[in-house]
Amino acid sequence: MVFAAPNEALTRAEELLGADPAPLHASIAHQVIGIWQRDFGDTRQALDHLRRARDLAARADSAEREADVLATLGVALVHSGRTREGLAAFERGVARGSGHTRARVLYRRAYVWWVLGRHREALEDVRRAIPVLRQADDVIWTARALTLRATVHLALGAVERADADFTEAEALWDTTGQEHDKADAVESRGLAAFRSGDVPTALRLLDEAEERYAKLGTPTFMLTIRRCEVLMAAGLATEALAEADGAIAALDGIGGQSTRKAELLLVAARAARLAGEAQTALARAAVAVRLFAGQRRTWYETHARLVLIEARVATGQGSGRLVADAAAVAERLAAFGAPAAPEASLLAGRIALDLGWTADAERHLAVAARSRHGGPPLARMTGWAAQALRARAAGSARGVLEACRRGLDVLDDHRMTLGASELRARATVQGAELAALAQRASLVSGGPRRLLVWSERWRATVLTAPPTRPPADPVLLSTMTAFRELAARADDARTGGGRPVPALEREQRRLEREIRSRTLHMRGDAPGDGDRFDVGRLLDRLGDDVRLVELAVLDGRVHVLLCGQGRVRRFEAGLLAQAEAEAEHVQAGLRRLAHPGAEARLPLVEAAGARLQELLLGPAAAHLGSGPVVVVPPGRLHRVPWALLPVLRERVLSVSPSASSWLRARETAPPPGGRQVLVRGPGLASDGAEVPELADRYGARDAGAGDDRGAGGGVPREPVRAGRPTVLEGDEARVPRVLRELDGAASAHIAAHGTFRADSPLFSSLRMADGPLIVHDFERLDRSPYRIILSCCDTARFASVGADELLGLVTALLPLGTAGVVACCAPVNDAAVVPLMLALHKGLDAGLSLAEALRDARAALPGDAVHQATGWAFSAFGAA
């Protein structure tokens, strides 16, 4: 009962002890309390109760009872870090027990061997236990033993064997009332899904297990460790670090198991390293090594030493001693049969290469490279990275490029199993090293065209295919509706001059977590992208007049790839770090210029624009010709207001996340019918004044109150006459109605408050009458509008994640059928936006593209600082 209904078991045991039971029964009661304290409470109290249970069993002269208690005591001692005492208790337990009882003792000792990382001993003990448990028809303990054996198989990389044991164990659990063990089976299936490379299924199963544990009131420290592993594989290292640190604090608060604390410290160290927090990784790993050593857990200690060495390298401590340390770790991991062994060999080879020790590097990299032919995707990635480094050391650019291509193909296939655009974007960080190696090799030996191909190979890949549509999940839909209502109430409290109720904010965060969790569970259904970037096709589309400027960053310096007139030329510009700092100064200046009275800042902002031009374009600025320009910046430069650069101010200028994305937009045809939508949200300082003027211009002031012509998702619509837009304002500008009208429209203009969420970019939003319209909402569209104009602040802000990916409103629209977007990268003056938007639409009416119309609209603005800054803050994205 202590696992099926732990709190009830605790109460019954305490009641039994209160009735002055016989030693045999008292021994059982103290053992139950000891198990509860061991797993859910204070390990010191657990040891006290279990020692009393052992002594009472001896008084009762029951060898079988004593053997059983000794096994439970052995587990508790090991978890408290007293490994030698724990193993001694097991020795006595195996000697005292017989038959069925001894099989249960062997199972628990197998579990302890697994905790200690001694997997061969674990398999031997569980192999001896399972036949006896089966013969005794002990369903519960047989299922536990099968689950443990499967978990050990997973640790050794034997996924198929593990899956067979998990399947058999789950069938047995279905015949019992052991809710804790059923939850553990779900958790174990999640671990198996992760080991086989299925991240969305792993996240779904681990979340389901967490819900089951919550109903039992069971702490979930082991679940946290496994979930953190999955989060790290999905590129969510910062999130994993926060979860691990939170669990460590909770464990310390209850005086919990020392073994679990060490494991949590190890996973926190790995997460910190992946998140770029090298000093944090160093601190967590050092403590983990010390704890594992004291607990005699060599398998775990070796893994912690691997992270410690990685953290030291990340802090610039590369040395010959670290090569030897990494090689020793690799040998020990290989002896254990641990899947992490190739990572350690790769690390040793990488450090040796940096020191110029080519012979040592080749030896270690050759070992690591063996993993490229088998195993889960990230293990194969390790192997291909090692192979690429071997080729670089041998001076073979061709070998480098081939290894990088093969490795990134593996990651492509893995990435497309992920349904959520956030996971696809973040997963690309795994390929950053391969992409950088290929770019360097291209720069040395391949010329500008090859460098362009490799710059494109791993840039804005999340835009290469639409995200998987969120399922028609009633729980998800109702959660999003509840989130919207709650967010609107919190926003009303803020704008009303008061403070939001803390309870509202807490509930809003909870709903955000639930929405995000459900979207991360989606599996991808698109194959890997077979439409590879073709330089010739790009140059054909550009023709003689258009120039495409792709900025590639190699070793911190900006390289300008200028495409047009049938060729690709390369120029060196400035340092990326300096350009980023200058861009931040420009952003601050634009924020000041959004308010009257800051005219004196205008020359300073213009001067900063000139400095940005030198840093970002360098000598390429003199070779742009006189025609339209398309700028393709890296993700870290997404906040640059490109129209501020002197050479670009009076040009037809558009921005694209990648050359491939621009090509797709250029070749996207508008939908038939020319349906237009105008949306005006609440609370704008200008009251969205351009919307009624545009409606009057198009003769549509009375056209917006029509019936709901059907939702997206393929439902036929009544035809709408071109030039007579649907106008949604006031109470009609509610999210469900807005989404229905946007789906498949030829053009849309949305005047609404924009909010960018750096902490959670897919919750960036536009404020509608009933609350926020978020990125997750846009992803439900069958086809987003062909052209969309977002006349509000911060709609062109993005979060730069993964290798070179962007998450935000604009990037949510581009894979869904939108060929062109006008959006804003900074706070702007609402009143100054109105004449800009009216002039923009005038150009569109004359048949201009978004980029052409925006160029003319800027030129038509008054010459004061506020209007000039407003014009610079807006950019045209895509090619419509």
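Summarised in this report is the structure supplied together with it.

Basis of the calculations
- Each chain carries its own residue numbering, running from 1 in the written order of its sequence.
- For a predicted model such as this one, the threshold for reporting local features is a pLDDT of at least 70, and the threshold for listing and counting side-chain atom pairs is 80 or more; totals across whole chains, interfaces and linings nevertheless cover every residue.
- Derived side-chain values reflect all non-hydrogen atoms in the structure, with water molecules and hydrogen atoms excluded from consideration.
- Working definition: a ring pair exists when centres of Phe, Tyr or Trp rings (six-membered ring for Trp) sit within 6.5 Å. Plane angles under 30 degrees give stacked, over 60 give edge-to-face, the rest tilted.
- For the exposure calls, accessible area comes from a 1.4 Å probe over protein chains only, and a residue counts as buried if that area is under 20% of its type's maximum, exposed if over 50%, partly exposed in between.
- When the NZ atom of lysine or the CZ atom of arginine is within 6 Å of a ring's centre and also within 35 degrees of its normal, the charge is said to sit over that ring.
- Put simply, DSSP marks the helices as runs of H or I at least four residues long and the strands as runs of E at least two long, and each gets a number from the N terminus on.
- In this analysis, two residues are considered to be in contact whenever any of their non-hydrogen atoms come within 4.5 Å of each other.
- In this analysis, strands are considered paired if DSSP registers two or more bridges between them.
- What a helix should span is 1.5 Å times the count of its residues minus one.
- Summarising the geometry, the arc corresponds to the directions from the helix axis toward the C-beta atoms.
- By nonpolar core we mean a set of buried residues, namely Ala, Val, Leu, Ile, Met, Phe, Trp, Tyr and Cys, connected to one another through side-chain atoms within 4.5 Å.
- Here an axis means a line fitted to C-alpha atoms, over the contact stretch when the element is a helix, while the angle between two N-to-C directions is reported on a 0 to 180 degree scale.
- Note that the term roughly parallel is reserved for angles under 35 degrees, roughly antiparallel for angles over 145, roughly perpendicular for angles of 65 to 115, and oblique for everything else.
- Less than a right angle of anticlockwise turn of the near helix away from the far helix marks a crossing as left-handed, whereas a clockwise turn marks it as right-handed.
- Charged means Asp, Glu, Lys or Arg here, nonpolar means Ala, Val, Leu, Ile, Met, Phe, Trp, Tyr, Cys or Pro, and polar covers whatever is left, Gly included.
- Here a polar contact is taken to be a pair of N or O atoms separated by no more than 3.5 Å, where protein atoms must pair a possible hydrogen donor with a possible acceptor and residues adjacent in sequence count only if both atoms sit in side chains.

Before going further, it helps to spend a moment on the packing of aromatic side chains. Working definition: an aromatic ring pair is given by the centre-to-centre distance plus the angle between the planes. Applying the stated criterion across every chain yields a total of four aromatic pairs. Their ring planes at 80° and their centres at 4.9 Å tell us that Trp299 and Tyr300 sit as a pair that is edge-to-face. With relative accessibility at 11%, the residue Trp299 sits in the buried group. By way of ring pairs, the aromatic residues Phe292, Trp299 and Tyr300 are connected into one cluster. If you follow Arg144 out to its NZ or CZ, it ends over the ring of Trp141, 4.9 Å from the centre. Over the aromatic face of Tyr300 sits the side chain of Arg297, whose NZ or CZ is 4.5 Å from the ring centroid.

With that settled, the discussion passes to the side chain of Asp207. Mapped onto the elements of the fold, Asp207 is located in helix α11 (residues 199-216). For Asp207, a relative accessible area of 10% translates into the label buried. With residues up to four places along the chain from it excluded, the contact list for Asp207 reads Arg227, Ser517 and His521.

Below, the discussion takes up the sheet that holds strand β11 (residues 771-774). Strand order in the open sheet made by the three strands is β9-β10-β11, with antiparallel pairing throughout. If you trace the sheet from one side to the other, it starts and ends with β9 (754-755) and β11, each paired once. Sheet analysis places strand β10 (residues 765-768) next to β11, joined by four bridges and oriented antiparallel. Bridge pairing links Met768 to Gly771 in β11.

This part is about the environment of Cys792. Tracing the sequence through the fold places Cys792 in the loop between β12 (787-790) and β13 (799-801). Remark: the alpha-carbon pair of Cys792 and Leu854, spanning 62 residues in sequence, is separated by 15 Å. Setting aside residues up to four positions removed in sequence, Cys792 forms contacts with Ile750, Ala752, His753, Gly754, Leu766, Cys824 and Phe874.

Attention now moves to helix α17 (residues 320-336). Across its 17 residues, α17 extends 25 Å between first and last C-alpha, which sits within 8% of the 24 Å expected from 1.5 Å per residue. The set of residues buried in α17 consists of Leu322, Val323, Ala326, Ala327, Val329, Ala330 and Leu333. For α17, the arc enclosing every buried residue in end-on projection is 160°, short of the 170-degree limit, so these residues lie on one face. Those residues of α17 that are exposed and aimed more than 90 degrees away from the buried face are Arg321 and Glu331. Those residues of α17 hidden inside the fold are in contact with α16 (298-314), α18 (341-354) and α19 (358-369). Backbone geometry just after α17 places Gly337 at a positive phi near 75°.

Right, let's get into unusual backbone geometry. Positive phi, normally seen in glycine, also occurs at Asp555, with a value near 50°. Turning to its location among the elements, Asp555 is positioned in the loop between β1 (547-554) and β2 (557-564). Notably, Gln565 is not glycine yet its phi reads approximately 55°, a positive angle. Within the secondary structure, Gln565 sits in the loop between β2 and β3 (567-575). Classification of Gln565 by relative accessible area gives partly exposed; the value is 41%.

This part takes up the nonpolar core. Grouped together as the largest cluster of nonpolar side chains are 132 residues, with contacts concentrated most on Val112, Leu333 and Cys404. Take this core: its biggest share by element is 10 residues, from helix α6 (residues 99-115). Counting 92 residues, the second largest nonpolar core, distinct from the first, contains Leu551, Leu648, Ala752 and Leu813.

Before going further, it helps to examine the packing of helix α31 (residues 690-697) against helix α35 (residues 830-845). Where α31 meets α35, the closest approach of the two axes is 9 Å, and the angle between their N-to-C directions is 30°. As summarised for this structure, α31 and α35 are arranged roughly parallel, according to the angle between their axes. In terms of crossing hand, the pair formed by α31 and α35 is right-handed. On α35, the residues that touch Glu690, Glu693, Leu694 and Arg697 of α31 are Val834, Met837, Leu838, His841, Lys842 and Asp845. Grouping the amino acids of the contact of α31 with α35 by side-chain chemistry returns four nonpolar, one polar and five charged.

This brings us to the environment of Arg65. With respect to the secondary-structure elements, Arg65 resides in helix α4 (residues 63-79). Expressed as a C-alpha distance, the spacing of Arg65 and Ile140, which sit 75 residues apart in the sequence, is 18 Å. Ignoring anything within four residues of it in the chain, the contact list for Arg65 reads Leu24, Ser27, Ile28, Gln31 and Ala57. Engagement of the side chain of Arg65 in a polar contact is seen with the side chain of Ser27, the distance being 3.0 Å.

What follows covers the pairing of β2. The buried fraction of β2 amounts to seven of the eight residues, a majority that puts the element mostly inside the structure. Of the strand pairs in this sheet, β1 and β2 are connected by seven bridges, and their pairing is antiparallel. Within the sheet, the bridge partner assigned to Ala552 lies in β2 and is His559. The hairpin turn running from β1 into β2, its antiparallel successor, is two residues long, and Asp555 in that turn takes a positive phi close to 50°. As defined by bridge partners, β2 adjoins β3 across seven bridges and the pair is classed as antiparallel. The residue bridging Arg557 from the neighbouring strand is Leu575, located in β3. The antiparallel hairpin formed by β2 and β3 contains two residues in its connecting segment, where Gln565 sits at a positive phi of about 55°.

This is a description of form; function is not addressed.
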